[in-house]
Amino acid sequence: MQIGMIGLGRMGGNIVRRLQARGHKAVVFDQSAAAVDRLAGEGATPGKGLEDLVAKLEKPRIAWVMLPAGAPTEEAIAALAKLMAPGDVIIDGGNTFYKDDIRRAEVLKAKGIHYVDVGTSGGVWGLERGYCMMIGGDTETVRRLDPIFSALAPGRGDIPRTHGRDGRDARVEQGYIHAGPSGAGHFVKMIHNGIEYGLMQAYAEGFDILKHANSPDLPAEQRFDFDLADVAEVWRRGSVVSSWLLDLTAAALAEDPRLDSFEGHVADSGEGRWTINAAIEEAVPAHVLSAALYARFRSRQQPSYADKVLSAMRKGFGGHQEQKKS
């Protein structure tokens, strides 16, 4: 299939590369001419702008927007809506607020344009590992786009099948799910990221306690000087707390045991706040996720070693650089 990609940042460019490696074609555009040139050198068709990109797509057209949530995505989709025709598809693969998806889908439906929201997880490792995708949209359109999603997904790999899944949607075991109508994909991704905050905070606080186990405030016989890199490494092997986040933590500690390259100012990209708002709207208690979000706020005032661990994980999976205090 052919797809247009708008936004060639940490994930957009690698999505194009993964698709092309699996036989799909891409027309690409980004505000950075250098990013466009790099992918053109790898076989993509360059677009000089949105109008040129749309003109180079075969009908029915598919345009994937991979831009920061908010104004950049809103403006790109509004511009595409004026250029595309009934039967075309606009995909938003960024971290958009799900209520914006519902609104956009209704506006585009009146024009005969299909809208699909794709919560995309995989970070800077997606090219190699594949992308876990949570998809919202009408069934027929999502089914039509299946070759794209199948090519991007991680595949079953060596993860054992879950007992009792016979007869269920096989796509889920490949790493992507049609979660429901417009907005459903980004809603699931929003909660995914909220949970991510909680998991990361738990690791960060645990390693902070380990680091301070040799505090002079403790009785001498109760002090321990742990090698945190070794603790992280042993937990990766057979422990019930093993995970990809722990893998990234172990790698960061092996390279920089004191994490001196991090200040510990931990940003939040929106989904954590939206998760808590959803919990409030549904009257669902979310103690851990709320605390994890507030811990990020506190990190920007008085960072700790735990916050350095959080920063290291964020850089590991998403290439996120710390936002330095002004």
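Everything below is about the structure printed above this text.
Residues numbered from 1 in each chain as written. Predicted model: local features only at pLDDT ≥ 70, side-chain atom pairs only at ≥ 80, totals over all residues. Heavy atoms only, no water.

Draft legend 1. Region of the structure containing the overall build of the chain. In terms of helices and strands, the chain carries 15 helices and 8 strands. Whereas a compact globule of 326 residues would reach a radius of gyration of roughly 20 Å, the chain reaches 22 Å, a difference of no more than 12%. A principal-axis box enclosing the C-alpha atoms of the chain has dimensions of 75 × 45 × 40 Å. Relative to its full complement of 326 residues, the chain shows a buried share of 48%. In the chain, the proportion of contacts linking residues at least 24 apart, taken out of those at least 6 apart, comes to 68%. Surface exposure of the chain reaches about 16300 Å², of which carbon and sulfur atoms provide 54%. Seen as two clouds, the 39 positive and the 42 negative side-chain charges of the chain have centres 4 Å apart. (Helix = DSSP H or I, 4+ residues; strand = E, 2+ residues; numbered from the N terminus. Rg over C-alpha atoms; globule rule 2.2 N^0.38 Å. Buried < 20%, exposed > 50% of the residue type's maximum accessible area, 1.4 Å probe, protein only. Contact = heavy atoms within 4.5 Å. Areas by Shrake-Rupley, 256 points an atom, 1.4 Å probe, with all protein chains shown as cover. Lys, Arg positive; Asp, Glu negative; His and termini not counted. Charge placed at Lys NZ, Arg CZ, Asp CG, Glu CD.)

Draft legend 2. View of the pattern of salt bridges. One pass over the full model with this rule turns up 20 salt bridges. Here D52 and K56 are joined by a salt bridge, their closest N and O atoms 3.0 Å apart. Residue D52 is classed as partly exposed on the basis of its relative accessible area, which comes to 21%. Judged by relative accessible area, which is 33%, K56 ranks as partly exposed. A salt bridge links D268 to R300; its shortest N-O distance comes to 2.5 Å. Of this pair, D268 sits in the loop between α12 (244-255) and α13 (271-282) while R300 is found in the loop between α14 (287-299) and α15 (305-318), placing the two residues 32 residues apart along the sequence. (Salt bridge = Lys/Arg side-chain N within 4 Å of Asp/Glu carboxyl O.)

Draft legend 3. Representation of the sheet that holds strand β4 (residues 62-65) in the model. With mixed pairing, 8 strands are arranged side by side in an open sheet as β3-β2-β1-β4-β5-β6-β7-β8. With one partner strand each, in any of the chains shown, β3 (45-46) and β8 (176-180) form the two edges of the open sheet. As paired elements, strand β2 (residues 25-29) and β3 share 2 bridges and run parallel to each other. In the strand pairing of β3, V27 is matched with T45. Docked against the sheet, helix α1 (residues 12-21) engages β1 (2-6), β2 and β4, running at close to 165 degrees with respect to β1. (Pairing = 2+ DSSP bridges. Axes fitted to C-alpha atoms, helices over the stretch in contact; angles between N-to-C directions.)

Draft legend 4. Spatial organisation of the pairing of β4. Where burial is concerned, the two faces of β4 agree: the one with I62 and W64 and the one with A63 and V65 are both buried. With 3 bridges connecting them, β1 and β4 associate as parallel partners. Among the inter-strand pairings, G4 is bridged to a residue of β4, identified as A63. Bridge count between β4 and strand β5 (residues 89-92): 4 bridges; the pairing is parallel. Residue I62 lies in a different strand from β5, and its bridge partner there is V89.

Draft legend 5. Looking closely at a nonpolar patch on the surface. A grouping of V234, W235, V240 and V241 is seen on the molecular surface, where their side chains present a nonpolar patch of about 380 Å² in accessible area. Among the secondary structure elements, V234 is positioned in helix α11 (residues 228-235). For V234, a relative accessible area of 52% translates into the label exposed. (Patch = residues over 30% accessible without salt bridge, like charges linked within 9 Å, V, L, I, M, F, W, Y side chains within 5 Å.)

Draft legend 6. Summary view of the pairing of β2. Burial analysis of β2 places 4 of its 5 residues in the buried class, which makes it a mostly covered element. Pairing between β1 and β2: 5 bridges, direction parallel. Bridge pairing in β2 links M5 to V28. A crossover connection joins β1 to the parallel β2 through α1; in handedness this β-α-β unit is right-handed. Between the parallel elements β2 and β3, the chain passes through helix α2 (residues 33-40) in a crossover that is right-handed. (Right-handed = clockwise from strand over helix to strand, strands pointing away.)

Draft legend 7. A look at the environment of L8. When you line up the elements, L8 lands in the loop between β1 and α1. Through-space distance from the C-alpha of L8 to that of D30 is 5.9 Å; in sequence the pair is 22 residues apart. Excluding anything up to four places from it in sequence, L8 contacts G13, V16, V28, F29, D30, A35, V36 and L39.

Draft legend 8. Inspection of the nonpolar core at higher detail. In this structure, V28, W64, I91, M133 and F149 are the most contacted members of the largest nonpolar core, which totals 31 residues. A total of 4 residues in this core trace back to one element, the largest contributor, which is helix α8 (residues 146-152). Formed by 25 residues, the second largest nonpolar core is a distinct cluster that contains Y203, F207, L259 and F262. (Core = buried A, V, L, I, M, F, W, Y, C linked by side-chain atoms within 4.5 Å.)

Read these as spatial facts, not as claims about activity.
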